[in-house]
Amino acid sequence: RFIAKPCAINLGIQDSGPHRAQPNAILEKVFTSITKSPDGKRLEGLSKQLDWDVRKIQRWFRHRRNQDKPTTLTKFCESMWRFTFYLSIFFYGIRFLWTAPWFWDTRQCWYNYPFQPLTSRLYYYYILELAFYWSLMFSQFTDIKRKDFLIMFVHHLATIGLITFSYMNNMVRVGTLVLCLHDASDFLLEAAKLANYAKYQRLCDAFFMLFGVVFIVTRLGIYPFWILNTTLFESWELIGPYPSWWLFNGLLITLQILHIIWSYLIIRTAYKALVRGKVSKDDRSDVESSSEEEDVTSNSTKGVFSTSSNGSNRINGHMVSGQWTEE
């Protein structure tokens, strides 16, 4: 309200919503009572009843679905909030872990386990991260539905489960490594969204490409060879398996599977960018993308994040747009 909104206004972002559908009682009744996406047969019937072209009716339903979406200003403010949080928590984590012995030697995560002290800095780091991911879990049901809704739901469940479970079992040392690693790319994604909403397309594409590189390096490189290595093999060697060991590693492997799925989406988007000369579209964009507003040929003029898409990150989120989003 006091920071993001003035920034958006100074960048020329208007508080105006999408094009509103032409008032029509018959179509409104169909939209609210029957279906928001009529099939071909129903479209033909409505065309005869209203003496409208089928394409005009399809456009009306697209406009009607889109008119309840948040404005670009609202999405900019939300992305700026997420960018601020991800950037702040990442640097807090790096600063804290830089002096932690287990950051440089992961075997330190398991020495004298579970009798390891919980410092105040560790406590606040965990509580802040847990609170944020709970907020993502709740907001996912009120935000615009995305194509990766189920993947993000599983991601949030796994993340909240890991944070809570590792805290209860005093696995906070390795937990901080997981949290910091996941925060390394998220603020770049939100920066790309901010650039897109402000219509700085080249900056948006650059941030997205940088996000893709950092995401793939951290999630497909560092995560399995650094994190999973210590939780699967070093912990087995130093403290041996125990009942909760299987659950803990099962959740970590679930995250790795999600990383692979999101990395595929990022690589596919990057490939399209190389073919077309620019990033064409976020592969996990809203179900109602702006490319549906007009002819299909307008796709080539869109950036990585359509300005009609929801600004929230579920890549952890994360991921490709939120990834992906997020989160």
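Everything that follows concerns the structure shown earlier in this document.
Residue numbers restart at each chain and count upward from 1, following the sequence in its written direction. Selection of residues for local features in this predicted model requires a pLDDT of at least 70, selection of side-chain atom pairs for listing and counting requires 80 or more, and totals for whole chains, interfaces and linings are taken over all residues. Calculation of side-chain values draws on the structure's entire complement of heavy atoms; hydrogens and water are dropped beforehand.

Help me understand the overall build of the protein chain, please; the structure alone is not making it clear to me.
The secondary structure listing takes helices from DSSP runs of H or I that are at least 4 residues long and strands from runs of E that are at least 2 residues long, numbered from the N terminus. Within the protein chain, the secondary structure is distributed over 12 helices and 0 strands. Overall, the protein chain shows an N-to-C arrangement of helices and strands of α-α-α-α-α-α-α-α-α-α-α-α. Each residue is placed in one exposure class: buried if its accessible area under a 1.4 Å probe, protein chains only, is under 20% of its type's maximum, exposed if it is over 50%, and partly exposed if it falls in between. Split into buried and exposed, the 327 residues of the protein chain put 53% on the buried side. Only the protein chains shown count as cover for residues, and the accessible areas themselves come from Shrake-Rupley with a 1.4 Å probe. As presented, the protein chain carries roughly 15,800 Å² of accessible surface, and 64% of it is formed by carbon and sulfur atoms.

Before we go on, may I ask you to explain helix H7 (residues 120–139) in this structure?
Because an α-helix completes one turn every 3.6 residues, residues spaced three or four positions apart along the sequence face the same direction. What a helix should span is 1.5 Å times the count of its residues minus one. Across its 20 residues, H7 extends 29 Å between first and last C-alpha, which sits within 8% of the 28 Å expected from 1.5 Å per residue. Where H7 is concerned, the buried positions are Leu122, Tyr125, Tyr126, Glu129, Leu130, Phe132, Tyr133, Leu136, Met137 and Ser139. By definition, residues are in contact when any of their heavy atoms lie within 4.5 Å. Those residues of H7 that are buried lie in contact with helix H5 (72–98), helix H6 (101–104), helix H8 (149–168) and helix H9 (172–197).

Just checking my understanding: could you explain the environment of leucine 203 for this structure?
Secondary-structure assignment places leucine 203 in helix H10 (residues 201–238). Owing to a relative accessible area of 43%, leucine 203 belongs among the partly exposed residues under this scheme. Placed 10 residues apart in sequence, leucine 203 and lysine 193 show a C-alpha to C-alpha distance of 9.9 Å.

In this structure, what is going on with the packing of aromatic side chains? I would like to understand it.
For any pair of aromatic rings, geometry is given as the distance between the ring centres together with the angle between the planes. Aromatic rings from Phe, Tyr and Trp, with only the six-membered ring used for Trp, were paired whenever their centres fell within 6.5 Å, and each pair was classed as stacked if the ring planes differed by under 30 degrees, edge-to-face if by over 60, and tilted otherwise. This structure, assessed with the given rule, holds 27 aromatic pairs. Note on tryptophan 81 and phenylalanine 85: the rings are 5.9 Å apart at their centroids and 50° apart in plane angle, and the pair reads as tilted. Of this pair, tryptophan 81 and phenylalanine 85 are both found in helix H5, 4 residues apart, which corresponds to roughly one turn of the helix. Taking relative accessible area as the criterion, tryptophan 81 reaches 47% and is therefore assigned partly exposed.

Please explain the pattern of salt bridges as it appears in this structure.
It is possible for side chains bearing opposite charge to pair when their charged atoms get close. Salt-bridge detection follows one rule: a side-chain nitrogen of Lys or Arg within 4 Å of a carboxyl oxygen of Asp or Glu. Scanning the entire structure with this criterion turns up 4 salt bridges. Between glutamate 78 and arginine 82 there is a salt bridge, and its shortest N-O distance comes to 3.2 Å. A residue pair is termed a helical-turn pair when its members lie 3 or 4 positions apart in one helix, as glutamate 78 and arginine 82 do in helix H5 at 4 residues. Taken as a pair, glutamate 78 and arginine 82 share a single burial class, namely buried.

How do you make sense of the nonpolar core when you look at a structure like this?
Within this scheme, the nonpolar core is defined by two criteria: the residues are buried Ala, Val, Leu, Ile, Met, Phe, Trp, Tyr or Cys, and they are joined through side-chain atoms within 4.5 Å. Counting residues in hydrophobic clusters, the biggest one holds 55 residues, and the most contacted among them are Leu97, Trp102, Leu177, Phe211, Tyr223, Phe248 and Leu252. Elements with a contribution of two residues or more to this core: H5, H6, H7, H8, H9, H10 and helix H11 (243–276). Apart from the residues lying within four places of it in its own chain, the contact partners of phenylalanine 248 are Trp110, Leu162, Phe165, Ser166, Met171, Val174 and Thr231. Residues Leu27, Leu50, Ile57 and Phe61 belong to the second largest nonpolar core, which totals 10 residues.

How do you make sense of the state of the cysteines when you look at a structure like this?
By definition, a disulfide links the sulfur atoms of two cysteines through a covalent bond. What counts as a disulfide here is a pair of cysteine sulfur atoms lying within 2.5 Å. Applying the stated criterion to the full structure yields 0 disulfides. Here cysteine 7 stays free of any disulfide, with the sulfur of cysteine 77 as its closest cysteine sulfur at 8.8 Å.

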